[in-house]
Each structure stands twice: as structure tokens, then as C-alpha cells.
Amino acid sequence: MSQQRDSGLGESPALLPPCCRPPGAGSPLLKRLFDLIAASAGLLLLAGPLLLVALWIKLDSPGPVFFRQVRVGRGGMLFRIHKFRTMQVNTEVQGQLTVGADSRVTGAGRFLRKSKLDELPQLLDVLFGDMSLVGPRPEVPKYVAHYPDEVRDIVLSVRPGITDWASIRMIDENEILGRAADPERAYIEQVLPEKLGYYVRYAQTHSLLEDIRIIFATLLKIVLR
């Protein structure tokens, strides 16, 4: 019997047995085609607003427009994600989690984070093939190391996404962590296992229709915040 390393996450999320998984859980080719068309259209339609946001970031605080960070993609491949920079430069050494009213967040960054506009540059990552519009959110390697082995294989079998059900239902995650005595431990032991449950379910059952539902649910959640 193979030995599974201790992830610190307690019990693994429930996995669907093969007999209960929908056949051909989504066509990879159709999903990729949808991603390319939607991401291209999004970048073209939003080009003007994105340039204005970029200018605001440059005027608001010194540093680059984009925040680049190594994340774990499909099959465990590493890539550098694109986000609008929302924090002061060179402050990531203080921790990779953003907790509560983090003093490192810039004036522009507070609005960009609240509105989720900081995530829009990931449309570039979708075009490059590193991400999908919908899928499990890509984590940094230090947190992927806590995934139980079987769960990791399932979650990393699909491209990570800009949004998913976990992003919608845990949209105020940093505020939750802000109330924790030990945010790092709370993330690993409480938040991450809940996210993995959503990630596993998506990886095993996703479809184009489900992706469209998640996209509209994400937009509605942002508008109603």
C-alpha cells in the first residue's frame, strides 16, 4: 500500500468514484476554443478601461503595473501569473497571504481588490494557455505542497482558472483570515480544505454550460457586493 504524506489538511475532500463521474466531463477542445474567443473579446472590449487602470496604478504608487508571481498550473507546470499590482513593491517577503485591512495594499489596490478588477490581466494567461476562464484558482507552490496526493493529481489535471465556485462563495476570504489568530494556519487547516472540495468537484464534473454559469454568477456576485 502506498504511503501518503501528511498534508496537514485532515481528511481529503470527497472524491467521486469513476462510476459516478459524468462521461467526458467537458470537451477540452471546446473549452479551449471558448477560452480563446472569450478572452480575446474581453481584452479588445476592455482595452480602454484596462489602460486607465494601468495609468491609475502608476500614478498611485511607485512600481510596475503588473504583479507577477509563480503559480502552479496544469500538470504541476509553473507559470508566472498576471495581476494588476495592488500592493507596495517588495512587500511579499512579509507573507503571501493578504489578511484583513493589509497595510501593504495601495489606495488603488483597495478598490481593485474589492471589485476584482486586479484579476482581469489573467485574460492574458488564458490566451497564453496557462489558465482557463473557469477552473480551480492557481496556488503558489508552498500551498500546493499541502494538497493530499490524490487530490493534487485531480486538481492539477485541468487548467487553473480566473474564477470558480470557491472564488464566488469565499469572496471575502481575506477578511475571514483577518479575524484569525494565526492566518497562515487558518488558511492551511480551514480555508484550503474547503477550496479543495470545490476544486475536486469542478475537475471531475466540469462542462461548458457549467463554465458559463460560473462566469455569470461571478459577475453577479461582484455587482452585488
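Conventions we followed
Residues numbered from 1 in each chain as written. Predicted model: local features only at pLDDT ≥ 70, side-chain atom pairs only at ≥ 80, totals over all residues. Heavy atoms only, no water. Helix = DSSP H or I, 4+ residues; strand = E, 2+ residues; numbered from the N terminus. Buried < 20%, exposed > 50% of the residue type's maximum accessible area, 1.4 Å probe, protein only. Contact = heavy atoms within 4.5 Å. Areas by Shrake-Rupley, 256 points an atom, 1.4 Å probe, with all protein chains shown as cover. Salt bridge = Lys/Arg side-chain N within 4 Å of Asp/Glu carboxyl O. Patch = residues over 30% accessible without salt bridge, like charges linked within 9 Å, V, L, I, M, F, W, Y side chains within 5 Å. Axes fitted to C-alpha atoms, helices over the stretch in contact; angles between N-to-C directions. Nonpolar A, V, L, I, M, F, W, Y, C, P; charged D, E, K, R; others polar. Phe/Tyr/Trp six-rings, centres within 6.5 Å; stacked < 30°, edge-to-face > 60°. Core = buried A, V, L, I, M, F, W, Y, C linked by side-chain atoms within 4.5 Å. Pairing = 2+ DSSP bridges.

Engineer: Can you break down the overall build of the protein residue by residue, with the values?
Structural biologist: Within the protein, the regular secondary structure consists of 10 helices and four strands. Along the protein, helices and strands appear, N-terminal first, in the series α-α-β-β-α-α-β-α-α-β-α-α-α-α. By the burial criterion, 44% of the 225 residues in the protein qualify as buried. For the protein, contacts bridging at least 24 residues in sequence account for 74% of all contacts bridging at least 6. Carbon and sulfur atoms provide 62% of the accessible area of the protein, an area that totals close to 12200 Å².

Engineer: Which residues make up the pattern of salt bridges, and what values do they have?
Structural biologist: In total, this model carries 10 salt bridges according to the counting rule given. E119 serves as the salt-bridge partner of K83, at 3.6 Å between the closest nitrogen and oxygen. Here K83 is found in strand 2 (residues 78-84), whereas its partner E119 is found in the loop between helix 3 (107-115) and helix 4 (122-128), with 36 residues between them in sequence. In this structure K83 comes out as buried when scored by relative accessible area, which is 15%. Linking R152 and D149 is a salt bridge whose minimum nitrogen-to-oxygen distance equals 3.0 Å. Taken as a pair, R152 and D149 lie in helix 6 (residues 149-155) at a separation of three residues, close to a single helical turn. You can call R152 partly exposed: its relative accessible area is 23%. In this structure, a network of salt bridges that share partners links the residues K83, E119 and R137.

Engineer: I'd like a rundown of the side chain of E139, residues and numbers included.
Structural biologist: Looking at the secondary structure, you find E139 in the loop between strand 3 (132-134) and helix 5 (141-144). According to the relative accessible area criterion, E139 is buried, its value standing at 9%. Apart from residues no more than four positions distant in its own chain, E139 is found in contact with R71, V72, V144, Y147, Y187, L192 and K195.

Engineer: Any chance you could break down a nonpolar patch on the surface for me, citing the residues and the numbers?
Structural biologist: A cluster of nonpolar residues, L30, L33 and I37, forms a patch on the protein surface that exposes about 290 Å² of accessible area. By the element assignment, I37 lies in helix 1 (residues 28-45).

Engineer: Could you give an account of the packing of helix 1 against helix 10 (residues 208-224), naming the residues involved and the relevant values?
Structural biologist: Following both chains from N to C, one finds helix 1 and helix 10 inclined at 35°, their axes separated by 10 Å at the closest point. Listed contacts from helix 10 to L30, K31 and F34 of helix 1 are L208, D211, I212 and I215. Along the lines of polarity and charge, the residues of the contact of helix 1 with helix 10 split into five nonpolar, no polar and two charged.

Engineer: Tell me about the packing of aromatic side chains, and please be specific about residues and values.
Structural biologist: In this structure the tally under the stated criterion is three aromatic pairs. A centroid spacing of 5.8 Å and a plane angle of 50° characterise the contact between W56 and F111, whose relative ring orientation is tilted. Note that W56 is positioned in helix 2 (residues 47-60) and F111 in helix 3, a separation of 55 residues in sequence. The exposure class assigned to W56 is partly exposed, which follows from its relative accessible area of 36%. Here F111 falls in the partly exposed class, since its relative accessible area comes to 44%. Their ring planes at 10° and their centres at 5.9 Å tell us that F66 and F84 sit as a pair that is stacked.

Engineer: Requested: an account of the nonpolar core, with residues and values cited.
Structural biologist: Grouped together as the largest cluster of nonpolar side chains are 22 residues, with contacts concentrated most on Y143, Y147, V155, Y187, L192, L196 and Y199. Put simply, the parts of the chain that give this core at least two residues each are helix 5, helix 6 and helix 9 (183-205). Ranked by the residues each element gives to this core, the list is headed by helix 9, at nine residues. L50, V65, M131 and Y202 belong to the second largest nonpolar core, which has 21 residues in total.

Engineer: Summarise the pairing of strand 2; cite the residues concerned and give the values.
Structural biologist: The buried fraction of strand 2 amounts to five of the seven residues, a majority that puts the element mostly inside the structure. Looking at chain direction, strand 1 (residues 66-72) and strand 2 are connected through seven bridges and run antiparallel. Note that in strand 2 the partner of R68 across the bridge is H82. Counting the residues that bridge the hairpin from strand 1 to strand 2 gives five residues, and of these G75 lies at a positive phi of roughly 70°.

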